[in-house]
Amino acid sequence: MSTDLSVRLGRLALKNPVATASGTYGYGLEFAGFVNLSKLGAISVKGLSVRPCHGNPPPRICETDAGMLNAIGLQNVGVDAFLSEKLPELHRLGATVVANVWGDTDDDYVKVVERIGNDRRVAALELNVSCPNVIKGGLIFGNNPQVLGALVKRVRAVTSLPLVVKLSPNVTDITATAQAAVDNGADILSLINTLVGLSIDVETRTPKIGFTTGGLSGPAIRPIAVRMVWEVRKALPKVPIFGVGGIESVEHVVEFLIAGANAVQVGTANFRDPSLAVRLVDDLAAWCGAHGVTRVSDLTATLRTRPRPDHLYA
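Analysis parameters
- Residues numbered from 1 in each chain as written.
- Predicted model: local features only at pLDDT ≥ 70, side-chain atom pairs only at ≥ 80, totals over all residues.
- Heavy atoms only, no water.
- Helix = DSSP H or I, 4+ residues; strand = E, 2+ residues; numbered from the N terminus.
- Rg over C-alpha atoms; globule rule 2.2 N^0.38 Å.
- Buried < 20%, exposed > 50% of the residue type's maximum accessible area, 1.4 Å probe, protein only.
- Contact = heavy atoms within 4.5 Å.
- Expected span 1.5 Å × (residues − 1).
- Arc of directions from axis to C-beta.
- Pairing = 2+ DSSP bridges.
- Axes fitted to C-alpha atoms, helices over the stretch in contact; angles between N-to-C directions.
- Core = buried A, V, L, I, M, F, W, Y, C linked by side-chain atoms within 4.5 Å.
- Salt bridge = Lys/Arg side-chain N within 4 Å of Asp/Glu carboxyl O.
- Phe/Tyr/Trp six-rings, centres within 6.5 Å; stacked < 30°, edge-to-face > 60°.
- pLDDT = per-residue confidence, 0-100.
- Right-handed = clockwise from strand over helix to strand, strands pointing away.

What the chain contains, in helices and strands, is 9 helices and 16 strands. The C-alpha radius of gyration computed for the chain amounts to 19 Å, which stays within 12% of the reference 20 Å derived for 314 residues, consistent with globular compactness. Taken over the C-alpha atoms alone, the chain extends approximately 55 × 55 × 40 Å along its principal axes. Out of the 314 residues in the chain, the part that is buried amounts to 54%. Restricting the contact set of the chain to residue pairs at least 6 apart, pairs at least 24 apart contribute 70%.

Next comes the structure, spelled out in structure tokens:
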């Protein structure tokens, strides 16, 4: 059975719902010799800043029981080098590019977005407002609905490209920040980013990460990410969503779609198997064929919840 894998996230049309998450796939070009980048739904590139950023001092990554902690510090070549050195080759290879943007201030975000302009080689912009690995910027923006809304509003005013806002899970109620982002111009939401964690070397009594804390990603966070996607889908039933967090198999992709995502981003698993995201496209087509699904978009928000009892005690 042939399955239509194409999906629409508002104005963003993708050939399939499998994308790669920012910070886990470089600029995509690092893998061009091994996989067909044009086969992916999209590539969300490393977060871009106004100036090149060297990131945090090492150690910057440590393995955990079911994932990893990282505090890379958003190392990147800067927006100008991306536009002149990376984007032309990505375009030549037929990749669908989502440019991830970050900054320490509102002005930083705006400057990066203005440099990208309305370049049609970029399919969408994704604001990283939730990275817990920098001293300024991300954590504050992502955790405060009012501050987040003000940032999104400023960015919305300087671009006509589809605008994705990547939400932080390090909040009490993710639907509040989701609503603030949408109210101020976000077209699409992506969730979740990493959870703040700490891992300690008990022999030296020192953090395993040079920055002390880091972002926890991988299979450990998937149930949290699925739950938050489900919550945001219930609160904002018409807003397109990228589901992100701990995806390692086609079943995980389908799980996010059923919870309410329109598409997914594969992250930490790329470090172990850089070909996984591309392979998941074929796996998804096979899964849909085996289950009689003719359009993958029909899976979105189809969770069948069980009724809860009226009372717990006799």
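The next thing to look at is helix H6 (residues 222-235). Taking 1.5 Å per residue, 14 residues should reach 20 Å; H6 reaches 20 Å between its end C-alpha atoms and fits that length. Among the residues making up H6, those that are buried are Arg222, Ala225, Val226, Met228, Val229, Val232 and Arg233. Considered in projection along H6, the buried side chains sweep an arc of 165° and stay on one side of the axis. Summarising the geometry of H6, the exposed residues directed more than 90 degrees from the buried face are Pro223 and Lys234. Where H6 is buried, its residues contact helix H5 (174-183), strand S10 (188-191), strand S15 (241-244) and helix H7 (250-259).

As summarised here, the arrangement of the 8 strands in space is S3-S4-S7-S8-S9-S10-S15-S16, forming a closed barrel in which the pairing is parallel. Across the sheet, the axes of successive neighbouring strands diverge by a mean angle of 25°, strand direction being ignored.

What follows concerns the environment of Leu276. Position of Leu276 relative to the elements: it lies in helix H9 (residues 276-290). For Leu276, a relative accessible area of 4% corresponds to the buried category. Distance in space between the C-alpha atoms of Leu276 and Gly94 is 19 Å, their sequence separation being 182 residues. Once residues within four sequence positions are removed from consideration, Leu276 is found in contact with Ile247, Glu248, Val266 and Ala269.

Core analysis: the biggest nonpolar cluster contains 92 residues, and Ile116, Val165, Leu189 and Leu191 have the highest contact counts within it. Counting residues per element, this core draws most heavily on H9, which supplies 8 residues. Non-local contacts of Val165, meaning those with residues more than four positions away in its chain, are made with Leu127, Val129, Leu148, Val152, Ala181, Ala186, Ile188, Leu189 and Ser190.

Our focus in this paragraph is the pattern of salt bridges. Enumeration over the complete set of coordinates arrives at 12 salt bridges. A salt bridge links Arg11 to Asp187; its shortest N-O distance comes to 3.3 Å. Residue Arg11 is located in the loop between strand S1 (7-9) and strand S2 (12-14), and its partner Asp187 is located in the loop between H5 and S10; the two are separated by 176 residues in the primary sequence. Arg11 gets classed as partly exposed once you look at its relative accessible area, which sits at 47%. A relative accessible area of 24% places Asp187 in the partly exposed class. The closest approach of N and O atoms between Asp273 and Arg279, which form a salt bridge, is 2.7 Å.

Glancing now at the sheet that holds strand S11 (residues 195-198). Strand order in this open sheet of 4 strands is S5-S6-S14-S11, and the pairing throughout is antiparallel. Of all the strands in the sheet, just strand S5 (61-64) and S11 have a single pairing partner and so form its edges. Averaged over all pairs of adjacent strands, the angle between strand axes in this sheet comes to 40°, irrespective of strand direction.

Within this structure, the stated rule accounts for 3 aromatic pairs. Ring centres 6.3 Å apart and planes at 35° place the aromatic pair Tyr27 and Phe82 in the tilted group. Of this pair, Tyr27 sits in the loop between strand S3 (18-20) and strand S4 (42-44) while Phe82 sits in helix H1 (residues 79-92), placing them 55 residues apart in sequence. Residue Tyr27 is classed as buried on the basis of its relative accessible area of 4%. For Phe82, a relative accessible area of 0% gives the class buried. Each ring, one from Tyr109 and one from Phe141, has its centre 5.4 Å from the other, and the planes form 85°; the classification is edge-to-face.

Before going further, it helps to spend a moment on the confidence of the model for the chain. With 96% of its residues at a pLDDT of 70 or more, the chain has an overall mean of 94. Low confidence marks residues 132-138, where pLDDT is under 50. Its contacts with residues over four positions away, or in another chain, come to 23 contacts.

Moving on to the pairing of strand S8 (residues 122-128). Most of S8 is tucked away: 6 of the 7 residues are buried. Note: strand S7 (residues 97-101) against S8, 5 bridges, orientation parallel. In the strand pairing of S8, Val97 is matched with Val122. Regarding the hand of the β-α-β motif, the stretch spanning S7, helix H2 (residues 106-116) and S8 is right-handed. As defined by bridge partners, S8 adjoins strand S9 (residues 163-166) across 4 bridges and the pair is classed as parallel. Paired with Asn128 across the bridge in S9 is Lys166.

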